[in-house]
Amino acid sequence: MSTLGIINSDPEIKKQIEFAFQQIPGHSYELRFMVQEVEILEFFDYALPELVVINFSDPIINIDWIIDHIRDDTWILNFGIIGLFSSKNTKEEELLKKYKAINVLTLLDNYRLKTHLVKNIEIIQQNYQIIFQREFTKNLLEGASGSFTIENDFFAVPLFSSIGATILAQRGLINPDGKMQLQLALAELIVNAIEHGNCGITYEEKTASLEQGISPVELIAEKCKDPAVRAKKVTLLWEIKPDKSVFIVHDEGKGFDVRAHMKKIIDQDDYSLHGRGIRMASSFSNELQYNAKGNQVMLVIKHEISVEHEVPAGFSREQIVKVKKGDVVIKEGEPSDYLYYISSGTYEVLYNDKPVGSLSPQDIFMGEMSFLLNQRRSATIRATSPGKLILLTQKTFINVIREYPHYGIFLSKLLAKRLVRSNEQTAARLDDAQA
């Protein structure tokens, strides 16, 4: 990532961002501040950025107009967004709800720019392939899993919870409302692990602090002055299965009496700060379960196979094909004079009647390689759930590229990344064979 697009007209915000990057000698980012709408849209369409910073509280730029443009063509404009805002004027949860249909990875209050902007960008870079892997073909038959190690930093939590939610949203396994709810639920559970687990803040201690006007953030910071507490970490593990995803939050604390704590939560009103994370996670998840010690919680989310990806603007007038489970949509050996854009559904790839892979909206296209190379189909593709496809003939495809030339740039980038991915897999197999 070399050019970082920053949509902002506020000179004070610009000054803070520049200061944050000045603290990192030799950083590789070229900061490109943009104010004019024409410049912003050209940057979106032709630079195809992977990460953009947007000042959602900007007093001059028409942010809602910019967001509408992103929402209208999220197929291409699906970059990660770091949103800046002022908590004096707007609540974080209101922004998450308002912009749930776009890929907001985290929100930063303006007063945290100097300390957390670069840190969040580095976390995003470290987890680049997880966040943006919609550009790589994956195999749901094999599933996917991973983990994050999180420090006792209250303000870094939203980014990690967002990555967890984005993993599912990018695959089309949860809808925008589900992404927002999962993001909030995971954030609350991680905060609980930091607050009550690693920092050992008790129910009574938190109550007394709140009554004295001491915020949980201040209480955590005070506890972390102890090197032993500061060294503790929270682990967020995730595993994607064909029908559900599992998230596990584990802390290094002593644990707690789960039953007694649950009883206290039941006796409180819904607006109490105590137990908010557990209530929120319980209402959203299909299963929420603590271990006996109380230092680990498992949250299970069932997938929504009916979630549809927005149809790109350039394809919106083309033929819609609705499929049922079991329908063969592409047959091995047939001519390849068309391809499909995958809006919804899951599909298995068969070679000689044997399953060799799977497709979903994350894969974007179906049958594109044989289509572009003008070859016969190399495999059969069968629907494993109801779904919706957009049929694109050769004539349609060429006309769309003419009307939307930046689509061609996106497709070239997509195919290039798939080629790199294929070469890496081939090299790995050769290394294994020689070992």
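Please refer to the structure placed before this passage.
What this report covers is the structure whose coordinates are included nearby. (Residues numbered from 1 in each chain as written. Predicted model: local features only at pLDDT ≥ 70, side-chain atom pairs only at ≥ 80, totals over all residues. Heavy atoms only, no water.)

Across its full length, the protein chain holds 16 helices and 18 strands. A total accessible area of about 21,000 Å² is found for the protein chain, and carbon and sulfur atoms account for 51% of it. (Helix = DSSP H or I, 4+ residues; strand = E, 2+ residues; numbered from the N terminus. Areas by Shrake-Rupley, 256 points an atom, 1.4 Å probe, with all protein chains shown as cover.)

Looking now at the sheet that holds strand S9 (residues 287-290). Two modes of strand pairing occur in sheets, parallel and antiparallel, and in both the strands are linked by backbone hydrogen bonds. Reading across the sheet, the five strands line up as S6-S7-S8-S10-S9 and stay open at both edges, with antiparallel pairing between neighbours. Whereas interior strands pair on both sides, the edge strands pair on one side only; in this sheet they are strand S6 (144-150) and S9. Pairs of neighbouring strands in the sheet enclose a mean axial angle of 15°, with direction left out of account. Strand direction decides the pairing type here: S6 and strand S7 (residues 234-240), joined by seven bridges, are antiparallel. Within S7, the residue paired with Phe148 across the bridge is Leu236. (Pairing = 2+ DSSP bridges. Axes fitted to C-alpha atoms, helices over the stretch in contact; angles between N-to-C directions.)

Right, let's talk about the environment of Glu195 for a bit. Mapped onto the secondary structure, Glu195 falls in helix H8 (residues 176-198). Residue Glu195 is classed as buried on the basis of its relative accessible area of 3%. Sequence-wise, Glu195 and Asn152 are 43 residues apart; in three dimensions their C-alpha atoms are separated by 8.2 Å. Not counting the four nearest positions on each side in its chain, Glu195 is found in contact with Gly200, Ile201, Lys206, Pro216 and Ile220. Here the side chain of Glu195 touches Lys206 through a polar contact of 3.0 Å, side chain to side chain. (Buried < 20%, exposed > 50% of the residue type's maximum accessible area, 1.4 Å probe, protein only. Contact = heavy atoms within 4.5 Å. Polar contact = N/O pair within 3.5 Å; in protein donor to acceptor, adjacent residues only side chain to side chain.)

With respect to the element layout, Arg382 can be found in strand S17 (residues 380-383). Judged by its relative accessible area of 31%, Arg382 is partly exposed. Sequence separation between Arg382 and Val329 is 53 residues, and the spatial gap between their C-alpha atoms is 5.9 Å. Excluding residues within four positions of it along the chain, Arg382 makes contact with Gly326, Asp327, Val328, Thr346, Tyr347, Glu348 and Leu350. There is a polar contact of 2.6 Å between the side chain of Arg382 and the side chain of Glu348.

Before going further, it helps to examine the pairing of strand S10 (residues 296-302). Inspection of the sheet shows strand S8 (residues 244-250) paired to S10 by seven bridges, in the antiparallel sense. Each residue of the ladder has a partner; that of His250, found in S10, is Gln296. The pairing of S9 with S10 spans four bridges and is classified as antiparallel. Directly across from Glu287, in S10, lies its bridge partner Val300.

Another point: the pattern of salt bridges. Taken as a whole, this structure holds twelve salt bridges when the rule is applied. A salt bridge links Lys100 to Asp177; the nearest nitrogen and oxygen atoms lie 2.4 Å apart. Note that Lys100 is positioned in the loop between helix H4 (92-98) and strand S5 (104-109) and Asp177 in helix H8, a separation of 77 residues in sequence. Members of the salt-bridge network, linked through shared partners, are Lys119, Glu151 and Asp153. (Salt bridge = Lys/Arg side-chain N within 4 Å of Asp/Glu carboxyl O.)

A surface patch of nonpolar side chains, about 290 Å² in accessible area, is lined by Met369, Leu372 and Leu373. In this structure, Leu373 sits in helix H14 (residues 368-373). Under the relative-accessibility criterion, Leu373 is labelled exposed at 52%. (Patch = residues over 30% accessible without salt bridge, like charges linked within 9 Å, V, L, I, M, F, W, Y side chains within 5 Å.)

An α-helical segment advances 3.6 residues per turn. Residues three or four places apart therefore align on the same side. Of all the positions in helix H3 (residues 63-72), only Ile63, Ile66, Ile67 and Ile70 are classed as buried. The buried residues of H3 occupy an angular sector of 95° when the element is viewed end-on, so they sit on one face. Of the surrounding elements, those touching the buried residues of H3 are strand S1 (3-7), helix H2 (37-47), strand S3 (51-55) and strand S4 (80-85). (Arc of directions from axis to C-beta.)

Attention now goes to the nonpolar core. Core analysis: the largest hydrophobic core is formed by 62 residues, its most contacted members being Ile17, Ile82, Leu117, Leu168 and Leu182. It is H8 that provides the largest number of residues to this core, a total of nine residues. Residues in contact with Ile17, not counting those within four places in the same chain, are Ile6, Leu31, Phe33, Leu84, Leu113 and Leu117. In terms of nonpolar packing, the next biggest core, distinct from the first, is built from 43 residues, Ile7, Phe44, Val52 and Ile81 among them. (Core = buried A, V, L, I, M, F, W, Y, C linked by side-chain atoms within 4.5 Å.)

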